[in-house]
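# Topology and contacts: notes
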Amino acid sequence: MFRTARLRRALLIFTVLVGAACGGASTNGDVVGAGSGSPTITDPAPTTTSPSASETAAEEPAGDAASDEAAAVTTDEPLLPVTVTDHLGNEVTVESVDRIIPLDGTVAEVVFALGLGDNVVATDLSATYPPEADALPEIGYQRSLTAEAIATHNPSVLLATEIAGPPETIDDLRRLGYPIVIVPNESTATGPADKIRAVANALGVSARGDALAGELEDTIEANTVAPTTTPPVVAALYLRGESTQLVLGRDAATHWLIEAAGGVNIADRLDIEEAAPISPEAIIAAAPDVLLIPSAGLESVGGIEGLLGVGGLSETPAGQNEAIVVVDDQLLLGNGPRTGDLLATIAGAIAEATP
């Protein structure tokens with residue numbers, strides 16, 4: 001139940017303003033649609049841009065320590081070769097970052113945020129942000145890769161998470177001599193910063209990684225909400241038409257986001273660890289106040305009208321008030337460098353749903 005009559009009538013569609021592709025993200029929640037029709041989801045131009053190293057130097061007094069540090073972070077060259085121990089315990093030496101292939105969309109986003117997007121020669125199908133990553137040649141989907149498609153691009157380093165595969169392909173790529181660094185992909189509040197630092201270390205730009213990860217950690221801390229006595233219930237759903245309609249569980253990155261934003265995850269009420277099919281009876285009983293929906297999933301079921309036709313959702317407080325937060329799939333599920341500002345957006349929606 002919402003605090004204002006407006007929220008009982010209006011469809012809440014929150015979108016996220018994305019930051020510059022090679023800098024820190026600046027995001028805000030925005031209501032961009034109202035009524036019962038399908039929402040219009042937009043990617044507005046960034047509201048802030050990071051100054052270049054030369055601009056920063058011009059604005060700050062000579063000898064200013066903060067200015068010198070900022071300039072060093074944005075202009076440092078990769079320190080190579082570098083040897084790292086990856087997430088699986090493998091010791092990997094990277095001698096060149098001239099031809100990078102990330103095998104994961106969020107990892108690609110991190111590479112671009114670190115300022116090395118021009119060195120990326122191909123991405124997998126999950127890379128949808130920034131647009132420059134989406135526009136690159138594709139080597140397949142991260143879970144079903146082939147060595148031939150990747151070797152065609154002659155990569156100097158491959159960056160992946162544990163889900164990259166199949167294992168035979170990863171083994172083939174190692175036998176061909178390509179350095180493969182597996183980076184952490186933990187669905188926790190510390191996961192995004194850990195991922196950034198691991199990618200940066202593998203590419204020889206650890207100073208850039210520390211700066212970007214530190215900024216993200218500050219944003220997460222600033223937008224974390226203290227729990228209340230009656231927190232709203234939030235359901236994160238994964239949809240792909242009629243064939244796949246799931247409630248995401250505690251293992252998904254949405255779990256810590258919901259809790260940090262001041263909500264209760266419906267997965268706790270339904271005791272869902274990974275994901276489970278949507279049960280109309282269970283959904284109605286759990287009575288979510290807010291729905292989190294990946295944008296591609298919403299499109300796959302025919303927009304808001306189709307979503308409310310999914311088992312039981314129209315009979316929940318979230319369905320009746322049309323309190324629906326729609327977020328780009330990579331942003332919502334990827335636990336990447338824009339996650340701190342996504343947290344602010346979810347916290348805003350949950351605050352509106354707080355009695």
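Residues numbered from 1 in each chain as written. Predicted model: local features only at pLDDT ≥ 70, side-chain atom pairs only at ≥ 80, totals over all residues. Heavy atoms only, no water.

### Comments concerning the overall build of the protein
Operational definition: What counts as a helix is a DSSP run of H or I of at least four residues, what counts as a strand is a run of E of at least two, and both are numbered from the N terminus. Note on classification: 1.4 Å probe, protein chains only; a residue is buried when its accessible area is under 20% of the maximum for its type, exposed when over 50%, partly exposed between these limits. Contact criterion: two residues are considered in contact whenever any of their non-hydrogen atoms come within 4.5 Å of each other.
Within the protein one finds 17 helices and 13 strands. The burial tally for the protein puts 51% of its 355 residues in the buried class. Nonlocal contacts in the protein, meaning residues at least 24 apart in sequence, comprise 63% of its contacts between residues at least 6 apart.

### Overview of the sheet that holds strand β7 (residues 180–182)
The test is simple: Two strands are counted as paired when DSSP detects at least two bridges linking them. Think of each axis as a best-fit line through the C-alpha atoms, taken over the contacting stretch in the case of a helix, with angles from 0 to 180 degrees between the N-to-C directions.
With parallel pairing, three strands are arranged side by side in an open sheet as β5-β6-β7. Taken across any chain shown, the strands that pair with only one partner, and hence form the sheet edges, are β5 (100–102) and β7. Here the strands of the sheet are splayed against their neighbours by 20° on average, with no regard to which way each runs. In the sheet, β5 pairs with strand β6 (residues 157–160) via three bridges, with the strands oriented parallel. Within β6, the position partnered with I100 by the bridge is V157. Sheet strands touched by helix α4 (residues 105–113): β5 and β6. Its angle to β5, the strand with the most contacts, is close to 140°.

### Considering the environment of A349
Looking at where A349 falls in the secondary structure, it is placed in helix α17 (residues 339–352). For A349, a relative accessible area of 3% translates into the label buried. Placed 25 residues apart in sequence, A349 and I324 show a C-alpha to C-alpha distance of 8.5 Å.

### So, α17
As a reminder, the rule being used: An expected span of 1.5 Å times one less than the residue number is assigned to each helix.
With 14 residues, α17 extends 20 Å between its outermost C-alpha atoms, agreeing within 8% with the 20 Å of an ideal straight helix rising 1.5 Å per residue. In terms of burial, α17 is largely enclosed, as ten of its 14 residues are buried. If you check which residues of α17 are buried, you get T339, G340, D341, L342, L343, T345, I346, A347, A349 and I350.

### A word on the packing of α4 against helix α8 (residues 191–202)
For the record, the criterion: Left-handed describes a crossing whose near helix is turned anticlockwise from the far helix by less than a right angle; the clockwise case is right-handed. Each residue is assigned to one of three groups, with Ala, Val, Leu, Ile, Met, Phe, Trp, Tyr, Cys and Pro labelled nonpolar, Asp, Glu, Lys and Arg labelled charged, and all others, Gly among them, labelled polar.
Where α4 contacts α8, the axes come no closer than 10 Å and their chain directions differ by 65°. Where α4 crosses over α8, the two elements pack in a sense that is right-handed. Contacts from T106, V107, V110 and V111 in α4 reach K195, I196 and V199 in α8. Along the lines of polarity and charge, the residues of the contact of α4 with α8 split into five nonpolar, one polar and one charged.

### Here we look at the environment of E259
Checked against the element boundaries, E259 lands in helix α10 (residues 253–260). Taking relative accessible area as the criterion, E259 reaches 41% and is therefore assigned partly exposed. Spatially, the C-alpha atoms of E259 and L343 are 9.8 Å apart, while their sequence positions differ by 84 residues.

### Considerations on the nonpolar core
Using the following cut-off: Definition used in this section: a nonpolar core is a set of buried Ala, Val, Leu, Ile, Met, Phe, Trp, Tyr and Cys residues joined via side-chain atoms within 4.5 Å.
Core analysis: the largest hydrophobic core is formed by 53 residues, its most contacted members being I100, V111, L159, V181, V199, L203 and L292. Of the residues forming this core, the biggest block, six residues, is contributed by α17. Here V111 is in contact with I100, P102, L116, G117, V120, L159, V199 and L203, once residues within four sequence places are set aside. A235, I266, I278 and I324 belong to the second-largest nonpolar core, a separate cluster that totals 23 residues.

### A closer look at the pattern of salt bridges
Any two side chains of opposite charge can pair, on the condition that their charged atoms come close. Applied cut-off: Only one rule defines a salt bridge in this text: a Lys or Arg side-chain nitrogen within 4 Å of an Asp or Glu carboxyl oxygen.
Counted under the stated rule, the structure contains eight salt bridges. R250 serves as the salt-bridge partner of D268, at 3.2 Å between the closest nitrogen and oxygen. Of this pair, D268 sits in helix α11 (residues 266–270) while R250 sits in the loop between β9 (244–248) and α10, and the two are 18 residues apart along the sequence. Residue class for D268 comes out partly exposed when judged on its relative accessible area of 34%. In this structure, D271 engages R250 in a salt bridge whose closest nitrogen and oxygen atoms are separated by 2.6 Å. Pair noted here: D271 is in the loop between α11 and β11 (275–277) and R250 is in the loop between β9 and α10, with a separation of 21 residues, a long-range link. On the basis of relative accessibility, which here comes to 57%, the residue D271 falls in the exposed class. Each of R250, D268, D271 and E273 takes part in one network of salt bridges that share partners.

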